[in-house]
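Observations on the three-dimensional arrangement
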Amino acid sequence: VQLQASGGGLVQAGGSLRLSCVASGRAISNYAMAWFRQAPGKEREFVAAITWNGGTMYYADSVKGRFTISRDNAKNAAYLQMNSLKAEDTAVYYCATHESHIGTSMVVPSSYDYWGQGTLVTVSA
């Protein structure tokens, strides 16, 4: 599975961006999808995840109520709608996927087998 993330850019605080992650090489309808981010000098952190059928979403406390993860299995894609952006949201955002298995954590990077290249989001204060 190859993942291509896009949609990052420069935005003012309070603004919005929509990130996209398109998969190729295999249908991801049985795969969980997630977004992580990594700010300069910090470890990669969980942002949001969605189950294979879109039935359940998970969010980091820091983005809950502002970010929305979604997916379109027909397009082999996942999205992250980011609203009310803050300067502290500045980071490289990565999409990731793993084949769904019962008991696999959705929020730790080690659960994910495939990663996109990252897209930079910069929020100016």
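Below you will find a few notes about this structure. These numbers were taken from a predicted model, which means no experiment stands behind them.

What follows is about the pattern of salt bridges. Enumeration over the complete set of coordinates arrives at 4 salt bridges. The partner of K64 in a salt bridge is D61, and the shortest N-O contact between them spans 3.2 Å. The partner of D89 in a salt bridge is R66, and the shortest N-O contact between them spans 2.7 Å. On the criterion of sequence distance, the pair formed by D89 in the loop between β8 (77-82) and β9 (91-99) and R66 in the loop between β6 (57-59) and β7 (67-72) is long-range, its members being 23 residues apart. Of the two residues examined, D89 and R66, each falls in the buried class. Connected through shared salt-bridge partners, R37, E45, R66 and D89 make up one network.

This part is about the sheet that holds strand β1 (residues 2-6). Across the sheet, which stays open at both edges, the 4 strands sit in the order β1-β3-β8-β7 with antiparallel pairing between neighbours. Both outer strands of the open sheet, β1 and β7, are each paired with one neighbouring strand and no more. Averaged over all pairs of adjacent strands, the angle between strand axes in this sheet comes to 15°, irrespective of strand direction. In the sheet, strand β3 (residues 17-24) pairs with β8 via 6 bridges, with the strands oriented antiparallel. If you follow C21 over to β8, its bridge partner there is A78.

About the thresholds
Residues numbered from 1 in each chain as written. Predicted model: local features only at pLDDT ≥ 70, side-chain atom pairs only at ≥ 80, totals over all residues. Heavy atoms only, no water. Salt bridge = Lys/Arg side-chain N within 4 Å of Asp/Glu carboxyl O. Helix = DSSP H or I, 4+ residues; strand = E, 2+ residues; numbered from the N terminus. Buried < 20%, exposed > 50% of the residue type's maximum accessible area, 1.4 Å probe, protein only. Pairing = 2+ DSSP bridges. Axes fitted to C-alpha atoms, helices over the stretch in contact; angles between N-to-C directions.

Taken by themselves, the reported measurements are silent on function.
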